[in-house]
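# Notes for the structure review
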Amino acid sequence: MDLAAGLKGRHVLVTGASSGLGDHFARLCAASGAAVTVAARRRDRLDALVAALREAGAPRARAVSLDVADPDSVAAAFADLDAPLDVVVNNAGIAESGAAIDLPRDSFDRVIDTNLRGVWAVSTEAARAWRDAGRGGVIVNVASILGLRVAGGVGPYTVSKAAVVQLTQALALEWARYGIRVNALAPGYIGTDINRDFFETEPGRAMLKRIPMRRLGRPEDLDGAFLLLAGDASRWMTGATIPVDGGHLVSSL
Ligand code: NAI
């Protein structure tokens, strides 16, 4: 089965597409023949990505400004879409590291506002549009293995991602009747801006040794599961979270 064919001709919105996995997912969708709308706060980076996608022959690529933590910005971004969506990828996310006891007071709210409220705001906006238009849709949430197990020093992040796993199930349950499927990807550690500094440190290097496959993930390691969840091959899946992590979740206790 050609998983990429499941995206041909679809219109995909990718949040947080200005770097890392979001940038990668946008390129993958475009290479699979999808029209892609990339959304984030850093407009200059999005415009550069759109130019690269068009140069690579993408059928249609466009940027919209979006701060997922601001519901007004989410509504404005949806109003700015030039065509109905088929797939929404909730990828935008932040991490703040530090011992829970010492984190700044507003750290928890910042992480929850982006990683959880952001997914809620974008998903509900998309689902209302799909329901009102009498059409279905697909949502792929980018959770994390830290939503399924914990690690020290990233308390708010683990809580936000565990909530995304639960939200994936709650929305899947409510929206199956509208033909809207909601699933999540739970990546293990992939080298991007969000964690690059950490893997330069001794604890970071020690962590890599605890991954059964003994290496950091690469964005393209997620392609199979991403294309499965975003396309029709997963037509009877909803509420699922798929870990893609080099075996990290099954590391020895
Ligand atoms: P990244 O830092 O390169 O990308 C995150 C993107 O989200 C950035 O482009 C950032 O500008 C954007 N963003 C942050 N706040 C935003 C907001 N309020 N509104 C709109 N955009 C916003 O990091 P990475 O690794 O690409 O992260 C992408 C997603 O993957 C995140 O949800 C992250 O939690 C998740 N993830 C990453 C893993 C990794 O090891 N890199 C592992 C598991 C999950």
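This report concerns the structure included in the present document. (Residues numbered from 1 in each chain as written. Predicted model: local features only at pLDDT ≥ 70, side-chain atom pairs only at ≥ 80, totals over all residues. Heavy atoms only, no water.)

### Some words on the sheet that holds strand E3 (residues 60–65)
Heads up, the condition is: Any two strands are treated as partners once DSSP identifies two or more bridges connecting them. Secondary structure is summarised from DSSP: a helix means a run of H or I of at least four residues, a strand means a run of E of at least two, and numbering begins at the N terminus for each. Axis geometry follows a simple rule: fit a line to the C-alpha atoms, using only the stretch in contact for helices, then measure angles between N-to-C directions, giving values from 0 to 180 degrees. Contacts are assigned to residue pairs with any non-hydrogen atoms lying within 4.5 Å of each other.
Ordered by their spatial adjacency, seven strands build an open sheet running E3-E2-E1-E4-E5-E6-E7, and the pairing between neighbours is parallel. Since the sheet does not close on itself, it has two edges, and those belong to E3 and strand E7 (241–244), each with one partner. Neighbouring strand axes in the sheet, compared pairwise and without regard to direction, differ in orientation by 20° on average. Examined bridge by bridge, strand E4 (residues 87–90) and strand E5 (residues 137–142) share four bridges and lie parallel to one another. Each bridged residue has a counterpart across the sheet, and for asparagine 90 the counterpart in E5 is asparagine 141. Running over the sheet, helix H2 (residues 43–55) touches strand E2 (35–40) and E3 and is turned about 175° from E3. Seen against the sheet, helix H4 (residues 107–133) touches strand E1 (11–15), E4, E5 and strand E6 (180–187) and runs at an angle of roughly 175° to E4.

### Considerations on helix H1 (residues 20–31)
Within an α-helix, residues lying three or four positions from one another point in the same direction, as the helix has 3.6 residues per turn. Which entries qualify depends on this criterion: Under the convention used throughout, the expected extent of a helix is 1.5 Å for every residue step, that is, one less than its residue count. When a residue's accessible area, from a 1.4 Å probe over protein chains only, is under 20% of the maximum for its type it is buried; when over 50% it is exposed; and in between it is partly exposed.
Along its twelve residues, H1 runs 17 Å from first to last C-alpha, staying within 8% of the 16 Å computed at 1.5 Å per residue. A large share of H1 lies buried, amounting to nine of its twelve residues. By the burial criterion, the buried members of H1 are Leu21, Gly22, Asp23, His24, Phe25, Ala26, Leu28, Cys29 and Ala30. The first or second residue beyond H1 is glycine 33, which carries a positive phi of 95°.

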